[in-house]
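Listed below, chain by chain, are the residues.
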Amino acid sequence: MTEVQTAPVPRRNLELLLLLLALCVGGAAFFLVGSATEDNDSKNFLIQMGIMGALALVIHVLLRIFAKYADPVILPITVALNSLGLAMIHRIDLAKGTSQSSRQLMWTAIAILVAALVLWAVKDHRVLRRFTYIALLASIVLLLLPLIPGLGATINGARIWIHVGPFSLQPGELAKITLSIFFAGYLSSNRDLILMAGRKFGPLQLPRMRDMAPMIIAWLLSIGVLVVQRDLGSAILFFGLFILMIYVATARISWVIIGLLMVAVGGVFAALTMGHVERRVNVWLNAFDPEIYQARGGSAQIVEGLFGMADGGLFGTGLGGGSPYRVPLANSDMIIASFGEEIGLIGVTAIILLFMLLVSRGLRAALGARDTFGKLLASGLAFTLGLQCVVIIGGVTRLIPLTGLATPFMAAGGSSLLANWIIIALLLLISHNARRPMSGSVGPTDEIATPTTSRLKDRKAVTNQ
Amino acid sequence: MNQAIKHVWVALTAMFVICLGALSYIQFFNAETLNDNALNKRQLFREFDLPRGAILVDGKPIAESVETDDGQFNFQRKYTDPELYAHLTGYYSLANGTTQLESELNDWLTGSSSDLLFDRLAGMFTGQKAEGASVELTIDGKLQQAAYDAIPDGLRASVVVTDPKTGEILSMVSKPTFDTNDLAVHSTSEAAKNMKKISEIDGLSPYVNPAIGDLVSPGSSFKILSTVAALESDDYDMNTVIKNPASVNYPGSKDKMNNFYEGICGRRSEATLEFIFAQSCNTPYMEISQKLGIEKFADVTERFGFGQQLDIPQSVTPSQFPTKDITAAQLAQMAIGQYNNKVTPLQMNMAAMAIANDGVIMKPNMVKKVTAPDLRVIEEPKPEKFSTATTPEVAADLKSLMKGPVQSGTAMNAAVPGVDLRAKTGTAQVRNENGVPIVNSWITGFAPADDPQVAITVTIQQVDYNTGHNTAGAIMKKMVEAVFNK
């Protein structure tokens, strides 16, 4: 451990204070939306913020009981982002006469309660390491679910949805977590084998095939997502996760290069063989071509988003003052553009700083974690959050082709909320593990929650870093 | 391992910073370019969500914004009597653009005019949405309807009625016409479909008001100006006897200028202007044009408004009397309103206004007053002089000359008992797109002679001679009857 050691302090009171601040931010946003659009239903916003506050308090109390050394900043940031997202969805609802925000609130409640359940049930993230291969299996099942006839559904050209009763779910969102658990578990057990065994090939150390097999399976799974389900965003996310995990486990940039080569092969294959990837790239490059702008599935969405953000300018039109509803999918894929328009460059910068802070706190938990699995898992989860933000914001700002990734905690969509709240629960647990006082001896027992005898060899190998 | 995590943090932070850079570029550095992009309809959308001021005739709205809940916009533009006013109001459409008064008065109607600056500032503090001002027109609803009824369906014709003393436009109607509501629908596909249908109507352009936008040869009605030119010179007065042969060769050509073959002109081989003007003889103007020369004509036409920019507030297409590289023969043709002599119906109405108002043309105008939402009058145009077209003496001569056609000449079919109408007819021989010879029929005049109340101009485009001549006179008669309640 090289990082600075400070006396462990729970900091739960700080969290409570920040939580109040976060709720104030969300409440203010709701209030502004209501007053600007002459929506006199102010009771509505009090109820929504009340529910939000109660839910946040549930997590807060659970943290006081089970993980009192958890990072005090993560929860308030998440609550703030979630509330802002709710306010914007409510605002688009008012303009369009839809009722997405109550649905989103319901999903927020489900997500937070599931996150609470995860906190309570897991308590110590190291337990999850036992489920390494189950996690891989779960990932495969989750990703294949939408392909089952009768269960799966194609929405907006991507077959990533399943219908369960009245709900439609994107099981791929949960696969982010299970894949992270698998990568973390597998790599924490096998990183030495991957690093040491095998032949040297120039500057590269190639691992034995059988050590890499599960990784290859995971990689193929990502390719499969892209080819079969036509979901570019998730494919990028899984590829990114794959490369990151290998890099963090091995600390070798050469592995990043190998990973990127594998991605390049997949990407070129996709671009050459699949019309929808090619079309996306074309729409991205020639967005302002009137023909492409007017085409079905053309650049109207991204261009309207750009016009909206330009209209907002530095200070924005004020919540409820602009017309973000002119942009297709204003409350989901394009929600950052909606914020850009209504709270301006300054406001949207604040939101992005919140995301940066959240991701940084996640990585900080990874740095502090005392076990390899925890380090890998926390960096994987934090990176997933960060990459999602960057890919969707990059898409909305036309830095890269637009993909259908959800802006974490903000975009309308239950599955994404659920998955991201579970990520938060896990990050909180890992940060608690990282910041809690050392109990007695620091040693092999930190690696695994329940001592097992079968993996002594691995344990010795990893403790000394 | 920790080093790798730190690198990941650096990489992610770098990506976030790049995103922030992109947002700054879009929302700050490049915002203006994006706002001005041709595809950007946000300003337009904003306008469509605000109540737009009404256009009023006789205090009643002919174009107004009514609240709607079609889900797209808060307001729908609605036109009352759309066919009657189509060429004046134009339309206010997202898909088809904005035309005519809707376009010219846009700053007032949307409230973005600088005259409404304080209302907008007040609105910022009170939170009230800016409402546009309403514009009252000088149009007389009854006369407008009378003109519309007077023009038979199927003809391509325009009627302009003005007050020569003030320049106020009392009626301006053209047929064929269309329903402006069809073009103002919010649904883009429906608007495009309707536009296509309207564009297929023969002789109609939804973008042009024929009374101020169509350039047609004036024929003999232009003799008002030619005669003014003659009387202003030292060579002619009311008593000058001018040769009036049945036909005469154009200078340097074997082609001949003829007097009208069925006309009375042939009865006299020489005559004074009184007979020539009343019977609309052509050949004397050959001599007149050669004697006066192109400069004199250029001078007179300019004073009457040819080639001048005029906004009523719609922009009027300037009438043309080309003076460059014109041969003597071409000048002779132009002196009787042929060749490249091209005018708008309003231009010939201004000619009548000049004679009616002792040689002074008042600026034609259609806006009576502009009223803010709080009923404060923001603008009330005063009558304004457009030009001195000729001297009061020459105007008086013309006034008496214009009696002839109504009393005993070409405009007899327009005469109304008890009203002293003064007028001049015109028949321009042209060919249509297929090369078939047809005519443009004109009659322009004013009444009553001693105290002119109205100047009236009727134009029928691309019609056979008999229909044109008979109908133009009949329309003129109906308009005079409508004005004087006969």
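Keep in mind that what you see is a predicted model, and the values were worked out from it rather than measured.

## With respect to the overall build of chain A
Working step 1: On a plain count of helices and strands, chain A comes out with 16 helices and five strands.
Working step 2: Here chain A, with 465 residues, has 59% of them falling under the buried criterion.
Working step 3: The long-range fraction of contacts in chain A, counting pairs at least 24 apart against all pairs at least 6 apart in sequence, stands at 73%.

## Some remarks on the sheet that holds strand 20 (residues 437-447) of chain B
The pairing of strands in a sheet happens through backbone hydrogen bonds and is either parallel or antiparallel.
Residues and elements named next belong to chain B.
Working step 1: Spatial ordering of the open sheet is given by 8-7-21-20-19, a layout of five strands whose pairing is antiparallel. Two strands close off the open sheet at either side, each with one partner strand: strand 8 (169-175) and strand 19 (422-431). For this sheet, the mean angle separating the axes of adjacent strands, direction not counted, is 10°.
Working step 2: As paired strands, strand 20 and strand 21 (residues 454-463) are joined by eight bridges and run antiparallel to one another. Among the inter-strand pairings, Ile 443 is bridged to a residue of strand 21, identified as Val 458.

## A look at the sheet that holds strand 17 (residues 377-379) of chain B
All names here are of chain B.
Working step 1: A sheet is described by the order of its strands in space; here six strands give the open sequence 3-2-1-6-16-17, paired in mixed fashion. Because the sheet does not close on itself, it has two edges, and the strands there are strand 3 (75-79) and strand 17. Looking at each pair of strands side by side, their axes are set apart by 30° on average, direction ignored.
Working step 2: Here strand 6 (residues 134-137) pairs with strand 16 (residues 367-371) via four bridges, running antiparallel. Each bridged residue has a counterpart across the sheet, and for Val 135 the counterpart in strand 16 is Val 370.

## Let's talk about the pattern of salt bridges
Working step 1: All told, the structure shown has 20 salt bridges over all chains when counted by the stated rule.
Working step 2: The partner of Arg 12 of chain A in a salt bridge is Glu 15 of chain A, and the shortest N-O contact between them spans 2.7 Å. Of this pair, Arg 12 of chain A and Glu 15 of chain A are both found in helix 1 (residues 12-36), three residues apart, which corresponds to roughly one turn of the helix. Residues Arg 12 of chain A and Glu 15 of chain A agree in their burial class; the two are buried.
Working step 3: Arg 156 of chain B serves as the salt-bridge partner of Asp 214 of chain B, at 3.7 Å between the closest nitrogen and oxygen. Placement of the pair is Asp 214 of chain B in the loop between helix 11 (210-213) and helix 12 (223-232) and Arg 156 of chain B in strand 7 (residues 156-162), with a sequence separation of 58 residues.

## Here's the deal with the pairing of strand 20 of chain B
Residue and element names in this part refer to chain B.
Working step 1: With 10 of 11 residues buried, strand 20 lies mostly within the body of the structure.
Working step 2: Relative to strand 20, strand 19 runs antiparallel, the two being bridged by 10 bridges. Bridged to Thr 427 within strand 20 is Ser 441.
Working step 3: Connecting strand 19 to the next strand, strand 20, in antiparallel fashion are five residues, including Gly 435 with a positive phi near 85°.

## Observations concerning empty space enclosed by the protein
Residues and elements named next belong to chain B.
Working step 1: Here the structure, examined in full by the defined rule, presents eight cavities of 30 Å³ or more.
Working step 2: Lining the largest cavity, in full, are Gly 305, Gln 308, Leu 310, Val 316, Thr 317, Pro 318, Ser 319, Thr 344, Leu 346, Gln 347, Met 350 and Phe 386.
Working step 3: Among the elements that line the lining of the largest cavity, the one with the most residues is helix 17 (residues 345-356), at three residues.
Working step 4: The class makeup of the residues in the lining of the largest cavity is six nonpolar, six polar and no charged.

## Points about the interface of chain B and chain A
Working step 1: Across the contact, 34 residues belong to chain B and 53 residues belong to chain A.
Working step 2: Between chain B and chain A lies a buried interface of about 3,800 Å² when both sides are counted; carbon and sulfur atoms form 73% of it.
Working step 3: At the boundary of chain B and chain A, one finds two salt bridges.
Working step 4: Asp 311 of chain A serves as the salt-bridge partner of Arg 42 of chain B, at 3.7 Å between the closest nitrogen and oxygen.

## Notes on the state of the cysteines
Working step 1: In the structure shown here, the tally under the stated rule is one disulfide over all chains.
Working step 2: Between the sulfur of Cys 265 of chain B and that of Cys 281 of chain B lies a disulfide, 2.1 Å long from S to S. Classification of the bridge connecting Cys 265 of chain B and Cys 281 of chain B rests on its S-S torsion, roughly -105°, and on that basis the disulfide is left-handed. Taken together, the positions of Cys 265 of chain B in the loop between strand 11 (256-258) and strand 12 (270-271) and Cys 281 of chain B in the loop between helix 13 (273-279) and helix 14 (283-292) put the pair 16 residues apart, joining distant regions of the chain. As far as burial versus exposure is concerned, Cys 265 of chain B and Cys 281 of chain B are alike and both buried.
Working step 3: In this structure Cys 19 of chain B is a free cysteine whose sulfur lies 8.8 Å from that of Cys 389 of chain A, the closest cysteine sulfur available.
Working step 4: Look at Cys 19 of chain B and you get buried, because its relative accessible area is 1%.

## Quick notes on unusual backbone geometry
All names here are of chain B.
Working step 1: In this structure, Pro 176 follows Lys 175 across a cis peptide bond, with omega equal to 0°.
Working step 2: Take Pro 176: it is sitting in the loop between strand 8 and helix 9 (180-183).
Working step 3: A cis amide bond links Ile 312 with the next residue in sequence, Pro 313, at an omega value of 5°.
Working step 4: Along the chain, the position of Pro 313 falls in the loop between strand 13 (310-311) and strand 14 (315-316).
Working step 5: Although it is not a glycine, Ser 280 adopts a positive phi angle of roughly 55°.
Working step 6: Here Ser 280 is to be found in the loop between helix 13 and helix 14.
Working step 7: Relative accessible area serves as the criterion here: at 9%, Ser 280 is assigned to the buried category.
Working step 8: For Leu 375, which is not a glycine, the phi torsion comes out positive at approximately 70°.
Working step 9: Among the structural elements, Leu 375 can be located in the loop between strand 16 and strand 17.

## Focus on helix 14 of chain B
All names here are of chain B.
Working step 1: Along helix 14, seven of the 10 residues are buried, which leaves the element largely enclosed by surrounding structure.
Working step 2: Along helix 14, the residues classified as buried are Thr 283, Pro 284, Tyr 285, Met 286, Ile 288, Ser 289 and Leu 292.
Working step 3: Just past helix 14, the residue Gly 293 takes up positive phi, approximately 85°.

## Considerations on the packing of helix 8 (residues 141-150) of chain B against helix 20 (residues 465-484) of chain B
Residues and elements named next belong to chain B.
Working step 1: Look at helix 8 against helix 20: their axes get within 9 Å of each other, and the N-to-C directions meet at 155°. Of the possible angle classes, the one that applies to helix 8 and helix 20 is roughly antiparallel. For the crossing formed where helix 8 meets helix 20, the hand is right-handed. Residues Leu 143, Ala 146, Ala 147 and Ala 150 of helix 8 pack against Ile 475, Lys 478, Met 479, Ala 482 and Val 483 of helix 20.

Rules of the game
- Residues numbered from 1 in each chain as written.
- Chains lettered and ligands numbered in written order.
- Predicted model: local features only at pLDDT ≥ 70, side-chain atom pairs only at ≥ 80, totals over all residues.
- Heavy atoms only, no water.
- Helix = DSSP H or I, 4+ residues; strand = E, 2+ residues; numbered from the N terminus.
- Buried < 20%, exposed > 50% of the residue type's maximum accessible area, 1.4 Å probe, protein only.
- Contact = heavy atoms within 4.5 Å.
- Pairing = 2+ DSSP bridges.
- Axes fitted to C-alpha atoms, helices over the stretch in contact; angles between N-to-C directions.
- Salt bridge = Lys/Arg side-chain N within 4 Å of Asp/Glu carboxyl O.
- 1 Å grid on protein atoms, 1.4 Å probe; cavity = no way out; pocket = protein on both sides within 12 Å on 5 of 7 lines; lining within 4 Å.
- Points joined across faces, edges and corners; volume = space filled by probe spheres on them.
- Nonpolar A, V, L, I, M, F, W, Y, C, P; charged D, E, K, R; others polar.
- Buried area = accessible area lost by both parts, 1.4 Å probe.
- Disulfide = S-S within 2.5 Å.
- Parallel < 35°, antiparallel > 145°, perpendicular 65-115°, else oblique.
- Left-handed = near helix turned anticlockwise from the far one by under 90°.

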